[in-house]
Structures are given as C-alpha cells and as structure tokens.
Amino acid sequence: MSSTEVDVDFFRENGYLLCREVYDAGEVEEMRGALERILETVAGTTHDENHAWSGVAQEAVLKGFHNVQYHDAAFTRAAANPRLLEVLTRVIGPDVQLHHTKMLVKPPEQGAPFPMHQDYPFFPHTRHSVVAASIHLDDTNEENGCLRVVAGSHKQGPLEAHGPSNTLEVPLEDGEPLPARAGDVLLFSYLTIHGSGLNTSEAARRNVLLQYRDPADEPVLENGVEQHVNWGQGMMVAGRNPFYWQRHPKFQVMPA
Ligand SMILES: O=C(O)CCC(=O)C(=O)O
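Residues numbered from 1 in each chain as written. Predicted model: local features only at pLDDT ≥ 70, side-chain atom pairs only at ≥ 80, totals over all residues. Heavy atoms only, no water.

Peer 1: Explain the site of the ligand to me, please; I cannot follow it from the model alone.
Peer 2: Near the ligand you find Lys102, Leu104, Lys106, Phe114, His117, Asp119, Leu147, His194, Ser196, Arg205 and Leu209, and these make up its full shell. Note that an oxygen atom of the ligand is positioned 2.9 Å from one of the side-chain N or O atoms of His117. At 2.8 Å, a side-chain N or O of Arg205 approaches an oxygen atom of the ligand. Elements with a minimum of two residues in the shell around the ligand: β3 (96-106), β4 (114-117), β9 (194-196) and β10 (205-213). With three residues, the single largest contributor to the shell around the ligand is β3. (Near = heavy atom within 4 Å. Polar contact = N/O pair within 3.5 Å; in protein donor to acceptor, adjacent residues only side chain to side chain. Helix = DSSP H or I, 4+ residues; strand = E, 2+ residues; numbered from the N terminus.)

Structure representation (structure tokens):
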C-alpha cells in the first residue's frame, strides 16, 4: 500500500474506503492466532455468550469480544500499525486516538448478520470524526457475510434508529457488498449506513474492528458522562492529544 492509494476524496464522498493489503500475511497470521486463543480461553465459560444482535434469527451466532488489545499484544501492534496510521491520519487528521476495539467472528453456516445501522448512536460525538477500521482476517464475499455499505449515506447525518441494536429501516440489499481479502481494511465513518449478511459458508469469517477519533471531537455526554467507555480508550496512535487535561477516562478497578 502506498500513500497515493489513500483516496481521501473517495472517503469524503462515499463515507468508506476499502484499503488493500494494509496487513501482510505474517501480521494476519499473528492476529488469527491471537483471536483463536481468545476463543479457546472463553470456550465453555460464562464469557462465551452469543453476541448476535437483537432481532436476528435465534440460531445465528456471533462471537464478539471487546478490548482485544487487553487480551493480546498482537492487537496493540495492529491498532498502531504504521500503514493503518498513514490512512487514518489522512482521513481523520494528524491526531488520532483509539476509541475501542473488538473482534467479530461469524462461525460457519450460522454466522449472524448485522442489520443495517449507523454506529453513531452507540457512541455519539459532536464533530463526527469517528471512523471504523475493519481488519479482514479472512477473504470475504456475499456467501460468508461480507460488509455492505450505503455509499454517501454519511451525508444524511444521524438518522432515527430503532431498538437496542439501533437498526435502521434499510434492507441489507440496499448496501453495496464489499468483498475483501485477508489483510484488507475497510474504513467507514460512524455515520455510514452499513451491515452484513449471514455467513452460510463452511468456514468462519473473522474481522477485527477498531474505532478511532480525533481527540478534539467531544463525545456527547448523557447526564454529564460519556456512555461508551472502556479501558484502552484514549490511547494516542498518531500525533498528540491537546485535550488530555480536559478529558480523560478515570477507571476504577472492580472485582470481576
Ligand atoms: O463485521 C461486520 O460484519 C459488521 C460489524 C458492524 O457493523 C459493527 O460492529 O457495527
């Protein structure tokens, strides 16, 4: 990937950008290993819940775990990968801050779909700088539930969403399927309408999703408190945080 391939105008116009070969085969393999170890660790424990979104078929399964960089340093390296930062600094600006991370595994033949939604209602901000980087650990296509986006939908701004999963009345088919290769990253604004279909293939579809923002972008507070907070939030991956003393998380260690 070279900097000339970062088509910032395309991102601004369409609200997404598919960046090819951001991670090399070795980096993908390292993340696959780390992700499989997380799955092995939770298997058979109370942590191994189905994280499929509300409203999807009951047999559909999603293995979705947050804070992956606290499980394995492979994800810390991935979150601060220089090739990814080259893209993020062109799209967000020189200062880039991690907001949160998660892994999403759609198991074979029953991997849960994501109904169409914007990410905005889960973690609203005032300047809408929040951008997702979805790292593909497997080749994706329509059969295994690749991501779909509605190009240009970010320009509509925040839309009225429904239910606990903040879904929109937009059929999945309205989203353009974006098949990708392992190592590719799909960037999209948290205002871009997106979703993905069921994984009906014989193999798992594994993605790691990292959310970033400009540290100057203030979260919308509820009763004076930011709602979507987790450890690792606020880590600077590029530039500096001029707002550290005004806004930083205060965590309390609680018994598990
Ligand atoms: O990875 C996917 O299929 C979709 C993930 C997604 O839309 C989300 O986590 O908001």
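Peer 1: How do you make sense of the side chain of Asn199 when you look at a structure like this?
Peer 2: Tracing the sequence through the fold places Asn199 in the loop between β9 and β10. Among the residues examined, Asn199 registers a relative accessible area of 0% and is labelled buried. A distance of 3.2 Å separates a polar side-chain atom of Asn199 from the backbone oxygen of Pro107. One polar contact links Asn199 to Ser201, side chain to side chain, over a distance of 2.8 Å. (Buried < 20%, exposed > 50% of the residue type's maximum accessible area, 1.4 Å probe, protein only.)

Peer 1: For this particular structure, what's the right way to read the side chain of Thr192?
Peer 2: By the secondary structure assignment, Thr192 is in the loop between β8 (185-189) and β9. Of note is the side chain of Thr192, whose polar atom sits 2.8 Å from the backbone oxygen of Gly15. In this structure Thr192 touches Gly15, His117, Gln118, Val149, Val150, Ser153 and His154, once residues within four positions along its chain are discounted. (Contact = heavy atoms within 4.5 Å.)

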